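Each chain, written out:
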Amino acid sequence: MSERPPEVSEPSDASEPSSVSGPSGASGAPGGGSSAVEPPVTEASAPEPLAPKASAPERLAPKAPAPTAPEATEAPEVPEATETPAKAPTSSTSSTASTSPAPSATDTAPKAAPLPPAPQPGPHAAQGVQPPAVPAYLHAQRQPPRAGGQSPWQPRQPPAKRPGTTARLRPAAPSLIRPAVLWAVLATAVLSALLLGDGLGVNLLIVAVPAALAAAFAARAAGRRLRPWTATWAVGGLALLAVPALLDAGWPTFLAVVSAFALGSLALHGSRSWPGVLAGSVGIFASAVPGIRWGWRGVRERADGSRGRWGTALRTTAVAVGLLVVFGALFASADAAFADLLGRLTPDVSFAEGPWRLFLFLLGLTGALAAAHTAAAPVRWDGLTVKAGKPRGRMEWALPLIVLNLLFAAFIALQLVVLLGGYERVREATGLDHAQYARQGFWQLLWATLLTLLVIALALRWAPRGGSRDRTLVRAVLGTLCVLTLVVVASALRRMDLYVEEYGLTRLRISVAAMELWLGVVFVLILAAGVFGARFLPRAIAVSAGAAVLAFGLISPDAVVAEQNVQRFEARGTIDIDYVKGLSADAVPALDRLPEPQRSCALRVLQYELRSADSPWYATSWGEARAGEILRKRPVTADRSTCYGLGTDGVREGGRGGSEQDHDDYDPY
């Protein structure tokens, strides 16, 4: 029986995986007949055409032992695998199957997508040993990210920083600083170093002018327009800086400088709400560091492109200064009057004051840069919002306030009886005279006024906000409380007047009386806001505070205190010399009307201080200059022994031990 040739009329067997992996099939040949026609195909060389992509651990661990190296390299020898496209076998190609090798599974499979290269056999395949399992830590590394978006094996990222309050409320960074702003800032720093080291006077106003110009130039470059409220704040701040130029007293000067700073900061920010007005009055501090960075960046970028112009400016300045020094020294040595004038006009700067002058230079530079940066990119403090309180019911809200109004009404009824002349009955009931009665009640009424402001603020926070009826209720209750509080303010001022009439006026008494009067203005503004709306209330109260400080400084409190004490002396013949001699030079015109020896004992210390002071013109106030002129025309004549006879030695506390030029050895003890 002859050997049957292998059948080639069924090419579909070549594409079936079972014909490759099985030992023998229905169409197979005994022995190695089929191997002469079809090359051996293994799993390593012919992967399944449509099998899904294996994962990384499955690719690393083979399913079956791999063939030896020579057998693994036989499959690529078929040229048709890379030269002809893979096509499905048909009956028309069966005639050529006998003269060419049978197509492999790779040749007949459609190429849908490129598959990754098969893994090369490792050392375990040659030995027929199962490779070790993938370590657990590799599985942990290949796990998908958690729900939080970050794998536990990745380094923990630090939480992102949230922008600060000023960064969220400040607009975009301003453009490059203009040369006009730089020159104004430099002028402010130089004037601060030269003028502010000898005291406060008109020099503070001189230094503020270039700083205001720097802010104006920066605001104009940023496209900001001058608004009515901005002009109001700016004019008010500059007017307050005139107080140090007029008065010699330090305490109203301090109030004026602080208020001028607050109004200037409000002018740069343009705030209108309660949080905006409160934070904007000190908001310029938030621009100190950004202002320095802004100025440094502008100087550096402009210096890189204009080195020649900087050199020219420095040479011109050096030549001008040299000419002034040389010819100024010649003219001063030629004429004594010119030397005296030049000495008064020129700041006296010594080498020992170098650190102090450097500090003033840096202070002026920082302040001017902060003002300019605020004008160019102000922090919008109005963006700060306060959450409104939960509205209460009408009865829950109104009942406590109605009870408070009734209490105020009962107190005011008694005050009207007292003000109309019922002190005799009060004295019989309390045993206090007019002065003691006034002193006992003033401070309590001042605190009652302050607490009433707090009650109104809290009542507005929790007021009912249902409709027009609720608004009417709020206006009626709070309006009544404001009117009654105004009567309490008038009663407190009347008590202070009685107390001053009995014991005289002092700095503390005039200060608290002025504060009580301003609180009355605040209540009037609250009443007006209830009628016309509260839109302008925060700014109106800020303006009233600045106006009150300005008026308080312009009336010259020390002069008012001295005038009242002199009038009491003319009426009663008594005066507290120990107190009036501690007043400032603003009190000299009033104390100059006292007869001798009271006049000399009251002005003794002031004359010594004015003569020993060597302040330049820019650090001398108008009150100090006027007092010096009066004492030059009418100097003090009484000696210390005479003042001791009046119960005082004419020396302030701590002034003993040779503090006066005419010190003598008189000791009454």
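Note that the structure is a prediction, hence the values are computed from the model and not measured. (Residues numbered from 1 in each chain as written. Predicted model: local features only at pLDDT ≥ 70, side-chain atom pairs only at ≥ 80, totals over all residues. Heavy atoms only, no water.)

Asker: Residue-level account of the packing of helix H14 (residues 250-269) against helix H25 (residues 537-554), with values.
Answerer: One way to put it is that H14 packs onto H25 with a least axis distance of 9 Å and a crossing angle of 150°. In terms of orientation, H14 lies roughly antiparallel with respect to H25. For the crossing formed where H14 meets H25, the hand is left-handed. Contacts from Trp-251, Pro-252, Leu-255, Ala-256, Ser-259, Leu-263 and Leu-266 of H14 reach H25 at Ala-542, Gly-546, Val-549, Phe-552 and Gly-553. Residue classes in the contact of H14 with H25 are distributed as nine nonpolar, three polar and no charged. (Axes fitted to C-alpha atoms, helices over the stretch in contact; angles between N-to-C directions. Helix = DSSP H or I, 4+ residues; strand = E, 2+ residues; numbered from the N terminus. Parallel < 35°, antiparallel > 145°, perpendicular 65-115°, else oblique. Left-handed = near helix turned anticlockwise from the far one by under 90°. Contact = heavy atoms within 4.5 Å. Nonpolar A, V, L, I, M, F, W, Y, C, P; charged D, E, K, R; others polar.)

Asker: Would you mind going over helix H23 (residues 468-503) in detail, with residue names and values included?
Answerer: Between the first and last C-alpha of H23 there are 52 Å, a value that for 36 residues agrees with the 52 Å anticipated at 1.5 Å per step. In the segment just after H23, Gly-504 is the residue with positive phi, at about 95°. (Expected span 1.5 Å × (residues − 1).)

Asker: Talk me through the pattern of salt bridges; I want residue IDs and the actual numbers.
Answerer: One pass over the structure, following the stated rule, counts eleven salt bridges. In this structure, Arg-593 and Glu-563 form a salt bridge, with 2.8 Å as the shortest nitrogen-oxygen distance. Here the residue Arg-593 occupies a position in the loop between helix H28 (588-591) and helix H29 (598-612), and Glu-563 occupies one in helix H26 (residues 557-572), the gap between them amounting to 30 residues. Taking relative accessible area as the criterion, Arg-593 reaches 41% and is therefore assigned partly exposed. (Salt bridge = Lys/Arg side-chain N within 4 Å of Asp/Glu carboxyl O. Buried < 20%, exposed > 50% of the residue type's maximum accessible area, 1.4 Å probe, protein only.)

Asker: I'd like a rundown of the packing of aromatic side chains, residues and numbers included.
Answerer: A complete count under the given rule lists seven aromatic pairs for this structure. Taking the centre distance of 5.3 Å and the plane angle of 40° together, the rings of Phe-261 and Phe-285 count as tilted. Here the residue Phe-261 occupies a position in helix H14, and Phe-285 occupies one in the loop between helix H15 (274-280) and helix H16 (288-305), the gap between them amounting to 24 residues. Under the relative-accessibility criterion, Phe-261 is labelled partly exposed at 34%. Ring geometry for Trp-617 and Tyr-618: centres 5.5 Å apart, planes at 85°, overall edge-to-face. (Phe/Tyr/Trp six-rings, centres within 6.5 Å; stacked < 30°, edge-to-face > 60°.)

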